[in-house]
Amino acid sequence: MSPFLSPKGAKVMKQPNKILIMGVTASGKSALAFELAKTLNAEIISVDSMKVYKRMDIGTAKAPLEKRSVIPYHLVDVVEPSEAFSVDQFLALTEKAVTDIHGRGKPVVAVGGTAMYIKALLHGLFQGPGSDETIRQTLKNRASEVGLVKLHEELTQIDPAAAERIHPNDEKRIIRALEVFELTGKPISAFQTQWDAAPNSDWFVIGLRRDKQIENSRMNARVKRMIEDGLKEEVENLLAEDKPLSKQAAAAIGYAEMIAHLNGDMELDETVERIKINTRRFAKSQRTWFKTFPNVHWIDIKETDTVQTVLQQTLDLLDSVR
RNA sequence: GGGUCGGUGCCCGAGUGGCUAAAGGGGAUGGGCUGUAAACCCAUUGGCGCGAGCCUUCGCUGGUUCGAAUCCAGCCCGGCCCA
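The structure displayed is predicted, hence computed values, not measured ones.

Each value, and the rule that gives it
Residues numbered from 1 in each chain as written. Chains lettered and ligands numbered in written order. Predicted model: local features only at pLDDT ≥ 70, side-chain atom pairs only at ≥ 80, totals over all residues. Heavy atoms only, no water. Helix = DSSP H or I, 4+ residues; strand = E, 2+ residues; numbered from the N terminus. Rg over C-alpha atoms; globule rule 2.2 N^0.38 Å. Contact = heavy atoms within 4.5 Å. Areas by Shrake-Rupley, 256 points an atom, 1.4 Å probe, with all protein chains shown as cover. Lys, Arg positive; Asp, Glu negative; His and termini not counted. Charge placed at Lys NZ, Arg CZ, Asp CG, Glu CD. Buried < 20%, exposed > 50% of the residue type's maximum accessible area, 1.4 Å probe, protein only. Arc of directions from axis to C-beta. Near = heavy atom within 4 Å. Polar contact = N/O pair within 3.5 Å; in protein donor to acceptor, adjacent residues only side chain to side chain. Phe/Tyr/Trp six-rings, centres within 6.5 Å; stacked < 30°, edge-to-face > 60°. Core = buried A, V, L, I, M, F, W, Y, C linked by side-chain atoms within 4.5 Å. Axes fitted to C-alpha atoms, helices over the stretch in contact; angles between N-to-C directions. Parallel < 35°, antiparallel > 145°, perpendicular 65-115°, else oblique. Left-handed = near helix turned anticlockwise from the far one by under 90°. Nonpolar A, V, L, I, M, F, W, Y, C, P; charged D, E, K, R; others polar. Patch = residues over 30% accessible without salt bridge, like charges linked within 9 Å, V, L, I, M, F, W, Y side chains within 5 Å. Salt bridge = Lys/Arg side-chain N within 4 Å of Asp/Glu carboxyl O.

Colleague: Even after reading the chapter, I still don't get the overall build of chain A, so can you show me in this structure?
Modeller: Helix and strand counts for chain A stand at 15 helices and six strands. A compact globule built from 322 residues would reach a C-alpha radius of gyration of about 20 Å, and chain A, at 21 Å, matches this within 12%. With the C-alpha coordinates of chain A rotated into their principal frame, the extents come out at 70 × 50 × 35 Å. Residue pairs at least 24 apart in sequence account for 76% of intrachain contacts in chain A once pairs closer than 6 positions are excluded. Of the roughly 16700 Å² of accessible surface on chain A, 51% is carried by carbon and sulfur atoms. Charge centroids of chain A, computed over 44 positive and 44 negative side chains, lie 6 Å from each other.

Structure representation (structure tokens):
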């Protein structure tokens, strides 16, 4: 069924060469991506804000080295756990990786569940300044001194449109809006326009979903496995490193809770429970995002499905658009 | 057997005569999200109704009262102490 099995090579050219697989955590997207990449002779780009961190393997459910030696994986293990990482870096690295992979004449299979990265991939990011820690810190200090409401009022003065959109309690967004204004003299709302229209991207988006109960039990099983595989030891090792974990890395699900446990704040049982709960919440917000993405080709995975049958459905989908 | 503290909404927990469908937290659900996003923010959470509102709820049964989750009596269940 796959065009690559077809004797007529011409069809291969019409195959989408940028495929994005998304789904909630533990939905099985990584397994599918691997099989699909093998079948299409593609390379994989991870769309995941935590797999970028080196030595954070178990808790981020990173593909094992064996798989990564079969298929090239991009955007995995690209920064130190002590470093910050954010969407703009993700986008830049991804654009470069796509160019490189296509340069080798291979298709790209992107997989991941970091919704904002997906959004940025499909829509792009506004052309404006990045973050400025000094400004942020100053604004943060001011917020605790004069109150966040005051900052929100200031935002209303300089950028009524943004102030309207941003809730008075939403410190991060208020600060970012003020930061952009300080850096450019222009309101952030003047920049943020590229999400208004439909995405003008050539990604072929495939979404994986299952019955919510089943998704939940898969998450629980995964958390259990992470513990068995030594998540605690992994976190201990990370904490023993010379440089402390960056804010982002330390906030990762599985890590934040385990750090609290190692600090003596929680029993292990409770820690595991917290990880499960936070994983579920994470999935919930992923679903909320996914609902807003247009042009997603959803595959509803049944209990009787296997990686192979899901792969076949994926190939059929790809065929159908040729 | 005696004493004592307690039994509140899915869970924990405050409330100790009317302002109480009942604080707060957790969980769950829905939503938002453009450079920290696995972060962060908002809303809903007894039932019915668009709504004014109606009905049911604070272990059970009965009582006091214009009015009870709140006071009284009996009973059931749990913790602790004494036998």
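Colleague: Where do I start with helix α11 (residues 231-239) in this structure?
Modeller: An α-helix turns once per 3.6 residues; consequently, residues spaced three or four apart project the same way. All of the buried residues along α11 are Leu231, Glu234, Val235 and Leu238. The buried residues of α11 occupy an angular sector of 95° when projected down its axis, which confines them to one face. In this fold, the buried residues of α11 make contact with α10 (212-228), α13 (255-262) and α14 (268-292).

Colleague: It is not clear to me how the protein's contact with RNA strand B should be interpreted in this structure. Could you clarify?
Modeller: Taken together, 44 residues form the shell around RNA strand B, and within it Ser49, Phe126, Asn169, Arg274 and Arg280 come nearest. In RNA strand B, the atoms that sit within 4 Å of the protein are 56% sugar and phosphate, with bases accounting for the remainder. Backbone polar atom of Phe126 to a base oxygen of RNA strand B: 2.2 Å apart, as the coordinates give it. Gln194 places a polar side-chain atom, nitrogen or oxygen, 3.1 Å from a base nitrogen of RNA strand B. Elements with a minimum of two residues in the surface near RNA strand B: α3 (87-103), α4 (115-123), α8 (171-184) and α14. Among the elements that line the surface near RNA strand B, the one with the most residues is α14, at nine residues.

Colleague: Can you walk me through the packing of aromatic side chains in this structure?
Modeller: Aromatic ring pairs are defined here through the distance separating the ring centres and the angle between the ring planes. A full pass over the atoms with the stated rule returns seven aromatic pairs. Arranged with centres 6.4 Å apart and planes meeting at 75°, the rings of Trp195 and Trp289 form a pair that is edge-to-face. Pair noted here: Trp195 is in the loop between α9 (188-191) and β5 (204-209) and Trp289 is in helix α14, with a separation of 94 residues, a long-range link. Owing to a relative accessible area of 32%, Trp195 belongs among the partly exposed residues under this scheme.

Colleague: Would you explain α13 in this entry?
Modeller: Taking burial as the measure, the eight residues of α13 include six buried ones, the bulk of the element. Those residues of α13 lying buried are Tyr255, Glu257, Met258, Ile259, Ala260 and His261. In this structure, the buried side of α13 is in contact with α10, α11, α12 (247-250) and α14. After α13 finishes, the residue Gly264 shows a positive phi value of roughly 85°.

Colleague: Would you take a moment to explain the nonpolar core for this structure?
Modeller: Generally speaking, nonpolar side chains in soluble globular proteins are found buried as a group. Ranked by size, the top nonpolar core spans 46 residues in total, and within it Leu20, Ile45, Val47, Tyr53, Phe85, Ile118 and Trp203 carry the most contacts. Discounting chain neighbours no more than four positions away, the residues touching Leu20 are Val47, Ala110, Val111, Ile118, Leu121, Leu122, Trp203, Phe204, Val205 and Ile206. Formed by 26 residues, the second largest nonpolar core is a distinct cluster that contains Leu36, Val109, Ile206 and Val310.

Colleague: Mind showing me how you'd approach the packing of helix α1 (residues 29-40) against helix α15 (residues 307-320) here?
Modeller: The packing of two helices is summarised by the inter-axis angle and the distance between the axes. Put simply, α1 and α15 touch, their axes get as near as 10 Å, and they point 60° apart. Taken as axis vectors, α1 and α15 run oblique relative to one another. By crossing handedness, the relation of α1 to α15 is classed as right-handed. Residue-level inspection shows Ala31, Leu32, Glu35, Leu36, Thr39 and Leu40 of α1 in contact with α15, the latter providing Val307, Gln308, Val310, Leu311, Thr314, Leu315 and Leu318. For the contact of α1 with α15, the class distribution of residues is nine nonpolar, three polar and one charged.

Colleague: What is the right way to look at the side chain of Ser246 in this model?
Modeller: Tracing the backbone shows Ser246 in the loop between α11 and α12. Take Ser246: its relative accessible area is 7%, and that puts it in the buried class. Residue contacts for Ser246: discarding those within four places in its chain leaves Tyr53, Pro81, Ser82, Glu83 and Ala84.

Colleague: Explanation requested: a negative patch on the surface in the structure shown.
Modeller: Residues Glu267, Asp269, Glu270 and Glu273 make up a contiguous surface patch of negative charge. Mapped onto the elements, Asp269 comes out in helix α14. The exposure class of Asp269 is exposed, given its relative accessible area of 66%.

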